[in-house]
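What follows is the residue order along each chain.
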Amino acid sequence: MAEWKPLPDTLEPDARALVEQLRRLKDRSGLSLAALAERTLHSKSSWERYLNGKSAPPRQAVDALGRLVGADPARLAAQWELAARAWSRQDSPGTGPMRGEDPAPVAPPGSAGSRKPWTGRPTRRWLVLAAALVLVVGGAAIALWTTHRTNASTVSERPAATGGSGTKPLHVSCFEQSCTGMDPKAQGCGDPWTSALTRIDGVYVELRYSDSCKAAWARISWSGVGDIARVVGASGTTEQDRVHYDTDVYSPMVGADTPSDARACTVLTSGAHGCTKPGGTIRLTPPPDPPVSVSPSSPGG
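Quantities reported herein were computed from a predicted structural model and do not represent experimental measurements.

What follows concerns a nonpolar patch on the surface. Together, Leu197, Ile282 and Leu284 make up an exposed nonpolar region whose accessible area comes to about 250 Å². Structurally, Leu284 can be placed in the segment after β9 (273-275). The class of Leu284 is partly exposed, set by a relative accessible area of 31%.

Right, here's the structure in full:
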């Protein structure tokens, strides 16, 4: 278990609760910061900031860590929402004093800064402000309606690519069959999860799947130089890559409407070979890091 640094005193309670929960999940995963970066789209330095309360973690990072250890996604999402509001209050000027600051002084009754009693009649200034507010709200409503009509007319051009947890859209560069032969990281398929897993002669074989790209790929770990990771699509389309150094590698993608449209396979230099079953709908926990005597590599997607 990591020796964690004390969190900043300026963190609001909800933000502190989320960071402490992320620390527990990271400890449960047994992953180093470098290994955690391999399995998500977020760098080692980003995770260091998130886990030490230096910056607010994005929803995608929280969801990715939760999936790695099988945490309750609904509970984690609720914690993130509360923490996001806390960070927003802390970062927004004019929303009240921050923790450790003195509140603004209040003018004594009868002084120049105190309020005048309500007379029951609106002043000219308030009438002007009310009219302006009506115009602003009306203009915003028209703008939203126009935007909705524009989006509705183009929504059928291409399915929206979103993360598996309903977070903001990922900027993916391919979809389904156009992903075949492509590198998942280079194409922005940033919501990968393990849908099938087996072990062949001591080597872990995973089928990785991206909901946003509708594509699958194979990843092997605990392997050796020359071992092959191969993904096979429903139509027999095959993509592969081999370990060039260290102990793991992942293949290019094949388009797959669902995880069940693909299988992950390996061919080892020892002659052993085999495949996973077609992918399932349950998000499986990825394999653990190799023993200390074996150095894991960083390319795995």
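Next comes the rest of the description.
Burial within strand β2 (residues 203-210) is extensive, with 8 of its 8 residues counted as buried. Both faces of β2 are covered, namely the face carrying Val203, Val205, Leu207 and Tyr209 and the face carrying Tyr204, Glu206, Arg208 and Ser210. Across 8 bridges, the pairing between strand β1 (residues 192-200) and β2 is antiparallel. Among the inter-strand pairings, Trp193 is bridged to a residue of β2, identified as Tyr209. The hairpin turn running from β1 into β2, its antiparallel successor, is 2 residues long, and Asp201 in that turn takes a positive phi close to 50°. Note: β2 against strand β3 (residues 215-221), 7 bridges, orientation antiparallel. Counted as the bridge partner of Val205 is Ile220 from β3.

Attention shifts here to the packing of helix α1 (residues 13-29) against helix α4 (residues 59-69). Relative to each other, α1 and α4 sit at 40°, their axes nearing to 9 Å. The orientation of α1 relative to α4 falls into the category oblique. Note that α1 runs across α4; the crossing there is left-handed. Across the interface between the two elements, Leu22, Leu25, Lys26, Arg28 and Ser29 from α1 touch Val62, Leu65, Gly66 and Val69 from α4. Classifying every residue of the contact of α1 with α4 gives 5 nonpolar, 2 polar and 2 charged.

What follows covers the packing of aromatic side chains. Applying the stated criterion across every chain yields a total of 3 aromatic pairs. For the ring pair Trp47 and Tyr50, a centre distance of 5.6 Å and an interplane angle of 80° mean the geometry is edge-to-face. Remark: Tyr50 and Trp47 occur in helix α3 (residues 44-51); sequence separation between them is 3 residues, near one turn of the helix. Exposure class is identical for Trp47 and Tyr50. Each is buried. Pairing Tyr204 with Trp222 gives two aromatic rings, centres 5.4 Å apart and planes at 80°, and the pair type is edge-to-face. Linking Tyr204 in strand β2 with Trp222 in the loop between β3 and β4 (228-233), this pair joins segments that are 18 residues apart in sequence.

Calculation rules
- Starting from 1, residues in each chain are numbered consecutively following that chain's sequence as written.
- Per-residue local features of the predicted model are confined to residues with pLDDT of at least 70, and side-chain atom pairs are confined, for both listing and counting, to 80 or more; whole-chain, interface and lining totals are unaffected and use all residues.
- Neither water nor hydrogens contribute to the side-chain values; these are computed over all heavy atoms in the structure.
- To count toward a patch, a residue needs a relative accessible area over 30% and no salt bridge; like charges are then connected within 9 Å, while nonpolar side chains (Val, Leu, Ile, Met, Phe, Trp, Tyr) are connected within 5 Å.
- For accessible areas, the Shrake-Rupley method is used with a probe of radius 1.4 Å. Any residue's cover is judged against the shown protein chains and nothing else.
- Between Lys or Arg on one side and Asp or Glu on the other, a salt bridge is scored when a side-chain nitrogen of the former is within 4 Å of a carboxyl oxygen of the latter.
- The way it works is that DSSP assigns letters per residue, a run of H or I at least four long becomes a helix, a run of E at least two long becomes a strand, and they are numbered from the N terminus.
- Classification of residues uses two cut-offs on accessible area relative to the type maximum, computed with a 1.4 Å probe and protein chains only: under 20% is buried, over 50% is exposed, and between them is partly exposed.
- For two strands to pair, DSSP has to find at least two bridges joining them.
- In this analysis, axes come from line fits to C-alpha atoms, helices being fitted only over the stretch in contact, and the angle between any two N-to-C directions falls in the range 0 to 180 degrees.
- Between 65 and 115 degrees an angle is taken as roughly perpendicular, under 35 as roughly parallel, over 145 as roughly antiparallel, and anywhere else as oblique.
- The handedness criterion is simple: a crossing whose near helix is rotated anticlockwise from the far helix by less than a right angle is left-handed, and one whose near helix is rotated clockwise is right-handed.
- By definition, residues are in contact when any of their heavy atoms lie within 4.5 Å.
- Throughout this entry, Asp, Glu, Lys and Arg are counted as charged residues, while Ala, Val, Leu, Ile, Met, Phe, Trp, Tyr, Cys and Pro are counted as nonpolar. The remaining residues, Gly among them, count as polar.
- Pairing of aromatic rings covers Phe, Tyr and Trp, the last through its six-membered ring, and needs centres within 6.5 Å; plane angles under 30 degrees mean stacked, over 60 mean edge-to-face, and all others mean tilted.

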